[in-house]
Amino acid sequence: MELRQLRYFVAIVDHGSLSRAALVLHVAQPALTQQLRQLEEELGAQLLHRSAHGVLSTDAGKIFYEHAQAILKQVADARSAVTQSTTRPSGSVSLGLPHSISGALALPLLTAARATYPEITLQLTEEISGSLVEQLKSGRLNLAVLFDDGQLGGFASSALVEEDLMYICRAGSASVPPGPAIPRLRRWPPP
């Protein structure tokens, strides 16, 4: 198995078509098809369903796609680590943002990263929090902005924001729960 085959496979899945992937990769379509066939033979599994409308990943293809992405990212990170200087960091950084905050943070983060570290390419992934945690664990993400629900053990983290959670209803409403306010369960950062 070669890195070239992994790059080809990921490009085919990303573009949904052998012909579009061949154009993007600047590779003849028959050569791309041959590399894909060799990869499938080596793995002993069909990775893609081919049709006149493009390609779709098989179950095996979906699994292999996740691994291929992670491997290619690790190779890119290794190259970057070798060539990176301490005065001018460079390379690619994958950052995950939950859907709920990406609208507010994505553009300012990209702008600040470009201004401060012009040699770094920031790749944003917008997903639900559970998916971002899994991508951090597998190495597909370098970092993420997440709500700490106490399940992030094993990751280094820094608090960015403290937010109050409030129960709100119309004044004089019968929906106001009786009794004292619910005590704060946890304050971040800790005093």
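Use the structure listed above.
Residues numbered from 1 in each chain as written. Predicted model: local features only at pLDDT ≥ 70, side-chain atom pairs only at ≥ 80, totals over all residues. Heavy atoms only, no water.

**Topic: the layout of surface pockets**
Any empty space left between atoms is shown by rolling a water-sized probe over those atoms. The calculated volume of the second largest pocket comes to roughly 590 Å³. What lines the second largest pocket is a set of 24 residues, among which Q69, K73, S94, Q123 and R140 lie closest to the centre. Within the residue set of the lining of the second largest pocket, elements represented by two or more residues are α1 (3-15), α4 (59-83), β3 (91-98), β4 (120-127) and α6 (129-138). When residues of the lining of the second largest pocket are assigned to their parent elements, the largest contribution, nine residues, is made by α4. (1 Å grid on protein atoms, 1.4 Å probe; cavity = no way out; pocket = protein on both sides within 12 Å on 5 of 7 lines; lining within 4 Å. Points joined across faces, edges and corners; volume = space filled by probe spheres on them. Helix = DSSP H or I, 4+ residues; strand = E, 2+ residues; numbered from the N terminus.)

**Describing unusual backbone geometry**
Of note, the phi angle at H26 is positive, near 60°, even though the residue is not glycine. As for its position among the elements, H26 is in the loop between α2 (18-25) and α3 (29-43).

**Points about the environment of F155**
One can find F155 in the segment after β5 (143-144). What makes F155 partly exposed here is its relative accessible area of 28%. For the pair F155 and L143, spaced 12 residues apart in sequence, the C-alpha to C-alpha distance is 9.5 Å. Setting aside its immediate chain neighbours within four residues, F155 contacts V133, L136 and K137. (Buried < 20%, exposed > 50% of the residue type's maximum accessible area, 1.4 Å probe, protein only. Contact = heavy atoms within 4.5 Å.)

**What about the nonpolar core?**
The nonpolar side chains of a soluble globular protein tend to be buried, and buried together. Of all hydrophobic cores here, the largest spans 20 residues; its most connected members are F9, I12, L32, L36, L47, L48 and F64. Contributing elements (two or more residues each) for this core: α1, α2, α3 and α4. Per element, the largest residue contribution to this core is six residues, and it comes from α1. The residues contacting L48, other than those within four sequence positions of it, are F9, I12, V13, L36, E40, V55, L56, S57 and T58. By size, the runner-up hydrophobic cluster in this structure holds six residues, among which are L95, L97, A113 and L122. (Core = buried A, V, L, I, M, F, W, Y, C linked by side-chain atoms within 4.5 Å.)

**Describing the sheet that holds β4**
Ordered in space as β4-β3-β5, the three strands form an open sheet in which the pairing is parallel. Edge positions in the open sheet fall to β4 and β5, since each of these has one partner strand only. Note: β3 against β5, two bridges, orientation parallel. Note that in β5 the partner of L95 across the bridge is L143. Across the face of the sheet, helix α5 (residues 99-116) comes into contact with β3 and β4 while running at roughly 155° to β3. (Pairing = 2+ DSSP bridges. Axes fitted to C-alpha atoms, helices over the stretch in contact; angles between N-to-C directions.)

**Remarks on the pairing of β3**
In this structure, β3 lies alongside β4, joined through eight bridges in parallel fashion. Bridge pairing in β4 places L95 opposite L124. One crossover worth recording links β3 to the parallel β4 by way of α5, and it is right-handed. (Right-handed = clockwise from strand over helix to strand, strands pointing away.)

In short, shape yes, function no, at least from these values alone.
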